[in-house]
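A closer look at the structure
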Amino acid sequence: MATERTLSIIKPDATRRNLTGKINARFEEAGLRFVAQKRIRLTKEQAEQFYSVHSERSFFGELVAFMISGPVVVQVLEGDNAVARNREIMGATNPANAAPGTIRADFAESVEANSVHGSDSAENAAIEIAYFFAGTELVG
Ligand code: DAT
Ligand code: MG
């Protein structure tokens, strides 16, 4: 299996409810390791650029407003097949469809306030990691 890195974000609905530690424990218990982590407030411009692939979607404005509504924790996870593993641990985008025991099934409030982001491919993970972290900040 390939060792990979992926970008994870703990979203404002989860930081507001003080769930950072509980969410981080899900990743660590599944064998992924944190190689970087920081708590930040996204600017509107950062959120728009980060989610620019969704800029034509009807929910884009609400998504950006939600992502800047409170602090987020941006983090880099490392492990075997980390991109796919992270998405398994998160569960489906809409918590109504998320498998039992996943982060979104257990913590998400709605399809928008769904507690976590995870990169959807190794290629996008590399782009998203570089968006938030300098290479020197990744400590494996
Ligand atoms: P994911 O976060 O599972 O990769 P995505 O990339 O399709 O999902 O969408 C990015 C985020 O946009 C998602 O986490 C929450 C929001 N979103 C997606 N579909 C939505 C919808 N139908 N209504 C409101 N927000 C939505
Ligand atoms: Mg996505």
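Only a predicted model underlies this, so the values are computations on that prediction, with no experimental measurement involved.

The subject of this paragraph is the UniProt feature "domain: Nucleoside diphosphate kinase-like" (unreviewed entry) in the chain. UniProt annotation of "domain: Nucleoside diphosphate kinase-like" (unreviewed entry) refers to residues 3–140 when read in the numbering used here. Secondary structure content for residues 3–140 is 40% helix and 20% strand, and the end C-alpha separation is 11 Å.

The next point concerns the pairing of strand β1 (residues 3–10). Of the strand pairs in this sheet, β1 and strand β3 (residues 72–80) are connected by eight bridges, and their pairing is antiparallel. Of the residues in β3, the one forming a bridge with Ile 10 is Val 73. By the bridge criterion, three bridges tie β1 to strand β4 (residues 116–118) in an arrangement that is antiparallel. Counterpart to Ser 8 in the pairing with β4 is Gly 118.

Nonpolar side chains tend to gather and get buried jointly when the protein is soluble and globular. Formed by 21 residues in total, the largest nonpolar core has its most connected members in Leu 7, Ile 9, Met 67, Val 76, Phe 132 and Phe 133. Mapped by element, the contributors of at least two residues to this core are β1, β2 (33–40), α3 (44–50), α4 (60–67), β3 and α7 (122–132). By residue number, the principal contributor to this core is α4, which donates five residues. Contact partners of Val 76, with chain neighbours within four places excluded, come to Arg 5, Thr 6, Leu 7, Arg 33, Phe 34, Val 35, Ala 36, Ile 129, Phe 133 and Leu 138. Core analysis: the second largest hydrophobic core is formed by 15 residues, Leu 19, Phe 34, Val 73 and Ala 82 among them.

This brings us to the sheet that holds β1. Note on sheets: strands pair through backbone hydrogen bonds, and any given pair is parallel or antiparallel. Spatially, β2-β3-β1-β4 is the arrangement adopted by the four strands of the open sheet, whose pairing is antiparallel. Whereas interior strands pair on both sides, the edge strands pair on one side only; in this sheet they are β2 and β4. Neighbour to neighbour, the strand axes of the sheet diverge by 20 degrees on average, direction disregarded. Running at roughly 55 degrees to β1, α7 makes contact with β1, β2, β3 and β4 of the sheet.

Feature annotation in UniProt places "active site" (unreviewed entry) on His 117, given in this structure's numbering. Relative to the assigned elements, His 117 resides in strand β4. With relative accessibility at 10%, the residue His 117 sits in the buried group.

Within a pair of aromatic rings, the relevant descriptors are the distance that separates the centres and the angle that separates the planes. Per the stated rule, a full pass over the model turns up five aromatic pairs. Aromatic side chains Phe 50 and Phe 132 sit 5.6 Å apart centroid to centroid with 50 degrees between the ring planes, which places their arrangement in the tilted category. With Phe 50 in helix α3 and Phe 132 in helix α7, this residue pair connects regions lying 82 residues apart in the sequence. Side by side, Phe 50 and Phe 132 carry an identical accessibility label, which is buried. Measuring from centroid to centroid gives 5.0 Å for Tyr 131 and Phe 132, while their planes differ by 80 degrees, and the two rings are edge-to-face. Exposure remark for Tyr 131: the relative accessible area of 30% places this residue in the partly exposed category.

What counts, and where the lines are drawn
- Residues numbered from 1 in each chain as written.
- Chains lettered and ligands numbered in written order.
- Predicted model: local features only at pLDDT ≥ 70, side-chain atom pairs only at ≥ 80, totals over all residues.
- Heavy atoms only, no water.
- UniProt positions renumbered as here; feature names shortened; annotations may be inferred.
- Helix = DSSP H or I, 4+ residues; strand = E, 2+ residues; numbered from the N terminus.
- Pairing = 2+ DSSP bridges.
- Core = buried A, V, L, I, M, F, W, Y, C linked by side-chain atoms within 4.5 Å.
- Buried < 20%, exposed > 50% of the residue type's maximum accessible area, 1.4 Å probe, protein only.
- Contact = heavy atoms within 4.5 Å.
- Axes fitted to C-alpha atoms, helices over the stretch in contact; angles between N-to-C directions.
- Phe/Tyr/Trp six-rings, centres within 6.5 Å; stacked < 30°, edge-to-face > 60°.

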